[in-house]
Amino acid sequence: MEEIKSQISLPADSPIIVQTNFGPQLLSQSSGSASKKRKIESFPLSKLRYLNLGEWNYNWGDRRYDRIPEAKPFPTSFSRLAEHAYQLAQQQDPTVTLLEKTSTNSFDMAICNFYHLQRPSDRLGGHKDDVESDLTSPLITISLGAPAIFLLGGMTRSCEPTAIFLRAGDCMIMSGKSRQYFHGVPTILEFEEDCIQTLNENDRKVFPDLQDDIHLCQNKVNNIPSYNELLFLKAFLTTARMNISIRQI
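Along every chain, residues carry numbers that run from 1 in the direction the sequence is written. The model is predicted, so local features are restricted to residues of pLDDT at least 70 and side-chain atom pairs to those at 80 or more, both for listing and for counting; the totals for chains, interfaces and linings are taken over all residues. Side-chain calculation: all heavy atoms of the structure are included, whereas hydrogens and water are not.

## Focus: the nonpolar core
Among the nonpolar cores identified, the biggest contains 19 residues, and Cys112, Phe114, Ile140, Phe236, Met242, Ile244 and Ile246 are the most heavily contacted of them. Counting from the N terminus, the helices are the DSSP runs of H or I reaching at least four residues and the strands are the DSSP runs of E reaching at least two. Listed by contribution, the elements that provide at least two residues to this core are α2 (76-91), β6 (109-116), β8 (139-145), α4 (227-237) and β13 (240-247). Top element by residues in this core is β13. It accounts for four residues. Any two residues whose heavy atoms approach within 4.5 Å are treated as being in contact. Non-local contacts of Ile246, meaning those with residues more than four positions away in its chain, are made with Phe74, Phe78, Ala82, Phe107, Met109, Ala110, Pro138, Leu139, Ile140 and Ile142. Side-chain atoms within 4.5 Å are what join buried Ala, Val, Leu, Ile, Met, Phe, Trp, Tyr and Cys residues into a set we call a nonpolar core. Burial classification: accessible surface area is computed with a 1.4 Å probe over protein chains only, and a residue below 20% of its type maximum counts as buried, one above 50% as exposed, and the rest as partly exposed. Ranked by size, the runner-up nonpolar core spans twelve residues in total, among them Tyr115, Met172, Val185 and Phe191.

Written out as structure tokens, the structure reads:
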């Protein structure tokens, strides 16, 4: 992902032009029906189905985790986010004991699934996440991009699932009994036209250390996205759903 750079030229009132290391691509955020139905199979990221974060690689065929020595460690920012979300959820449950509320989890891996709107096969059938060493450790999932219907079943496939509507920014936690429930994503939904907002100059205030040429100032941390990269990410996430499932192996 780090190798994919966004070099976006954005004149006033024009569609977003996205160029990657693989060549130029066009992705319009205009409201016309033609742009909404545009096929983007040639866009490099449209071929991405999943990726792993951390030193563990999940083998989908054999259903096992393999440690990759040369892989980068799991980002501490993700583990802190997962732990914070779990603690907030515990505080809302009056049945959780004080000991449980103060317990910590060693989140060390995340599976990121991509569901592309133009490819109906990018869906996830009913399954359990049950190959981790500690099945009492919760799953923390974060939804980005297009909305989706999430089905949460029970301990067996015969249990009638509950449909949950997940939007961008939603965080779902599967813990306790639900940690071993069947679940899946049968469908992805398109954005409503009025839900797609174009970034404007006022959005730059969230990046106070940007230079006039919208690059990061020198001598600053380099892990903050530039304005161009933010535009690229927003354009991509209008065509796909990204689910980040954080866990302890």
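## A closer look at the environment of Arg123
By the secondary structure assignment, Arg123 is in the loop between β6 and β7 (124-127). Given a relative accessible area of 23%, Arg123 falls into the partly exposed group. As for Arg123 and Ala148, which are separated by 25 residues in sequence, their C-alpha atoms are 10.0 Å apart. Any pair of N or O atoms that falls within 3.5 Å is considered a polar contact. Within protein, one atom must be able to donate a hydrogen and the other to accept it, and sequence-neighbouring residues count only if both atoms are side-chain atoms. Within the structure, the side chain of Arg123 is placed 3.4 Å from the backbone oxygen of Arg119, a separation counted as a polar contact.

## Quick word on the confidence of the model for the chain
Residue-level pLDDT values for the chain average 74, and 65% of them are 70 or greater. pLDDT expresses, on a scale from 0 to 100, how confident the predictor is about each individual residue. Here strand β1 (residues 17-20) stands out as the least confident element of the chain, with mean pLDDT 30; strand β10 (residues 162-166) is the most confident, with 95. Low pLDDT, under 50, characterises residues 1-40; the stretch is placed with 71 contacts to residues that sit more than four places away or in other chains. Note that residues 201-217 has pLDDT below 50 and, in this model, 28 contacts with residues that lie over four places away or in other chains.

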